[in-house]
Amino acid sequence: MSRTLTGGRPDALAPTWPAEFAERYRAAGWWGGETFGQVLRDRAAVHPGRLAVVDPASGHRWTYAELDRRADRLAAGLLARGIGRGDRVVVQLPNIAEFFEVIFALFRIGALPVFALPAHRETEIAYFCSFTGAAAYVIAAAHGGYDYRELAARTKADVPTLRHVFVAGDGDPGPFEPLAALRTEPAADPADLAGPAPHELAFLQLSGGSTGVPKLIPRTHDDYIYSLRGSNEICGVDEESVFLCVLPAAHNFTLSSPGSLGALYAGARVVMCPDPNPDTAFPLIEREGVTLTGLVPPLALVWTEAAPEARYDLGSLQVLLVGGAKFSEEAARRVRPALGCTLQQVFGMAEGLVNYTRLDDPEETVVTTQGRPISPDDEIRVVDDEDNDLPVGATGHLLTRGPYTIRGYWNAPEHNARSFTADGFYRTGDVVRLTPTGHLVVEGRAKDQINRGGEKIAAEEVENHLLAHPAVHDANVVAEPDPYLGERTRAYVILRAGAAEGERPRPVELKKFVRARGLAAYKVPDRVEFVDAFPQTGVGKISKKDLRADAATVTDAATDHTR
Ligand code: OOB
């Protein structure tokens, strides 16, 4: 049973770097002693009139001075409601300007955003709120046809620590408080805004995970800001850059590789893209002079197909970052001819390590590798099943340690014993090989996870929900290849022997059942297949390897595809 935080300092629940490593990272200049609250203050002082955030849906065009002022006023409103240093606040917002107002207000008072995705539903949100003992939850009234006020009402009824729900944007806040009401407080006492120290936690990010519930990733100001500085340098981000925020703003890729926070760190401009379709994104690229953006492989394919037909001038786009899942060589080769920009592959993880192909890498390296680490102090090991180091070129498990890779998940000592080596290397679960130039090639994955076009699904989490169905005896979820998404989910299910013909659910009913349990739609299995038994290994364990092989070869047209 996982422990739930009820009080005390959240930093105490985050494993941290041993003193000698912290000293080394500071001495090397990686950890620069900055905090997010201060960075925004500094940029607003240096160029108050430059545009920081553009939100086409609301028409907001906030300068650095305006974003800074808004963050201050919101911070005052939060403090007045008793939210302060160390409090956890679940933030679930679409790509709207207020996302930055909220997170910088929280950074400034030392409260910790917990970054939920718009796709998350009751199961995930209730878990994030209760596991972190969140004091507040920030939503938009409705988005993408979904009413977050209803989700918030149910969550608030279930989670005793949750004192506040705040509603961003112009929508009707229902029974909750609109952000606008928080902004009416008189300015906070600057002493209250002194904020956290650079080595303290900035936020909790979500892990894609391979376990029953997502794990939380504690990132500090020092380590995260270092990853931004490093990313900006590698991706050529400077104050003239314009970053288009296409994927969900809260995802680590969109936030920091180099992402919107990299852009704001550089004093550049962030343009919010309300949805990722070329019909929405392309006109924004033309109008706002977008210079770089980041996409998952399936979207990169859609954009490269749409670009030659597009009526919009995409000439400002210099760099397209593609990551989150393996980008095929063939698709990678199409990027420059179609979009006229440089491709950078990104192989990163919310736990830390981020690899990029470099702007001056030869084309072959860009299309055939997933890049090399940001930092000279990123330690990379490629090992066999017994943790023995393998020679360069051999394929094995990727372990990593470094100045922006966590030393453990938040409040999860049991997981940490498994996910980290005794000397602090993170077991990424990725199977890779190193090229002689030090670039990494992702060859596969050893973790029990499905990577559905960049969206990560822990098999165990979905299996647990299937097992809750009264007619289900056992369930195993694996990846099956998909030409567009790379992978999608297939559930193999054994029904209870006693289930009479009329009581046997159809695949579509099991999917509905999982969805009705309040799980994000992307986790609902794409296919459900009924079997009498699971293949076994020599010692009688269920062989996921054989199930994966079956899913890769047997594509039964009769299987139900409705989601
Ligand atoms: C990014 O972060 P997460 O935390 O959602 O997922 C991390 C995992 C990696 O361990 C790997 O399994 C997979 O996603 N992955 C890739 C990949 N990029 C990520 N697999 C193959 N090729 C790639 N290029 O997904 C993330 C975080 C920061 C930047 C970019 C992606």
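If you're wondering where the values come from, they're calculated on a predicted model, not measured in any experiment.

Caption draft 1: Examining the UniProt feature "domain: AMP-dependent synthetase/ligase" (unreviewed entry) in the protein chain more closely. Those places that UniProt annotates as "domain: AMP-dependent synthetase/ligase" (unreviewed entry) correspond, in this numbering, to residues 41-410. Structurally, residues 41-410 comprises 34% helix and 24% strand, and the distance from its first C-alpha atom to its last is 29 Å.

Caption draft 2: Expanded view of the layout of surface pockets. Each pocket or cavity is described by its volume, and for the second largest pocket that value is around 230 Å³. Those elements that provide at least two residues to the lining of the second largest pocket are helix 1 (19-27) and strand 11 (216-220). When the residues that make up the lining of the second largest pocket are grouped by side-chain class, the tally is eight nonpolar, three polar and four charged.

Caption draft 3: Structural view of the environment of Gln 205. Locating Gln 205 in the fold gives a position in strand 10 (residues 201-206). Overall, Gln 205 belongs to the buried group, its relative accessible area being 4%. Sequence spacing of Gln 205 and Asn 252 is 47 residues, and the spatial spacing of their C-alpha atoms is 7.5 Å. Once residues lying within four places of it in the same chain are set aside, the contact partners of Gln 205 are Phe 115, Lys 215, Leu 216, Ile 217, Tyr 224, Ala 250, His 251, Asn 252, Leu 255 and Ala 350. A polar side-chain atom of Gln 205 sits 3.1 Å from the main-chain carbonyl oxygen of Ala 250.

Caption draft 4: Spatial organisation of the site of the ligand. Lining the immediate surroundings of the ligand are 19 residues, of which Val 346, Ala 350, Asp 430, Lys 447 and Lys 456 lie closest. The contact in question runs from a nitrogen atom of the ligand to an N or O atom on the backbone of Gly 324, over 3.0 Å. A distance of 2.9 Å separates an oxygen atom of the ligand from a polar side-chain atom of Lys 456. Those elements that provide at least two residues to the shell around the ligand are helix 9 (252-256) and strand 16 (342-349). At four residues, the largest contribution of residues to the shell around the ligand is made by strand 16. A per-class count over the shell around the ligand returns seven nonpolar, eight polar and four charged.

Caption draft 5: Seen up close, the sheet that holds strand 22 (residues 440-445). Spatial ordering of the open sheet is given by 19-20-21-22, a layout of four strands whose pairing is antiparallel. Looking at the sheet topology across the chains shown, the edges are occupied by strand 19 (379-383) and strand 22. Put simply, the sheet's adjacent strands are angled 45 degrees from each other on average, direction ignored. Where strand 19 meets strand 20 (residues 396-401), five bridges bridge the pair, whose relative direction is antiparallel. Across the sheet, residue Ile 380 finds its bridge partner in strand 20, namely Thr 400.

Caption draft 6: Just empty space enclosed by the protein, in detail. If you walk through the whole model with that rule in mind, you get four cavities of 30 Å³ or more. Considering only enclosed or pocket space, the largest cavity measures out at about 70 Å³ in volume. Contributing to the lining of the largest cavity are 13 residues, with Tyr 127, Phe 131, Lys 215, Ala 412 and His 415 lying nearest its centre. Listing elements by their share of the lining of the largest cavity, those giving two or more residues are helix 5 (122-132) and helix 15 (413-419). By residue class, the composition of the lining of the largest cavity is eight nonpolar, three polar and two charged. Here the second largest cavity is characterised by a volume of approximately 60 Å³. What lines the second largest cavity is simply Arg 9, Pro 10, Asp 11, Arg 85, Gly 86, Gly 110, Leu 112, Pro 196, Glu 200 and Leu 201. Looking at side-chain class alone, the lining of the second largest cavity contains four nonpolar, two polar and four charged residues.

So, how was this worked out
- For every chain, the first residue of the written sequence is number 1, and numbering continues from 1 onward in sequence order.
- Side-chain atom pairs in this predicted model are given and counted only at pLDDT of 80 or more, local residue features only at pLDDT of at least 70, and totals for whole chains, interfaces and linings cover all residues.
- Computation of side-chain values covers all heavy atoms of the structure but excludes hydrogens and water.
- UniProt positions are given in the numbering used here, feature names are shortened, and annotations may be inferred rather than shown by experiment.
- By definition, any uninterrupted DSSP run of H or I lasting at least four residues is a helix, any uninterrupted run of E lasting at least two residues is a strand, and each is numbered from the N terminus.
- With a 1 Å grid laid over protein atoms only, a set of points is called a cavity when a 1.4 Å probe fits there but cannot get out and a pocket when it is open yet has protein on both sides within 12 Å along at least five of seven lines; lining residues have an atom within 4 Å of a point.
- Grid points are joined across faces, edges and corners, and a volume is the space filled by probe spheres set on the points.
- When residues are grouped by polarity, Ala, Val, Leu, Ile, Met, Phe, Trp, Tyr, Cys and Pro land in nonpolar, Asp, Glu, Lys and Arg in charged, and all others, Gly among them, in polar.
- Burial classes: relative accessible area under 20% of the type maximum marks a residue as buried, over 50% as exposed, and values in between as partly exposed (1.4 Å probe, protein chains only).
- Note on contacts: a residue pair qualifies if any of its non-hydrogen atoms lie within 4.5 Å across the two residues.
- We call two N or O atoms a polar contact when they sit within 3.5 Å, provided that within protein one can donate a hydrogen and the other can accept it, with sequence-adjacent residues counted only if both atoms are side-chain atoms.
- Only heavy atoms are used to decide nearness, and a residue is near a molecule or strand if one of them lies within 4 Å of it.
- The pairing criterion is simple: DSSP has to find at least two bridges between the two strands.
- The angle between two axes is taken between their N-to-C directions and runs from 0 to 180 degrees, where each axis is a line fitted to C-alpha atoms and a helix contributes only its stretch in contact.

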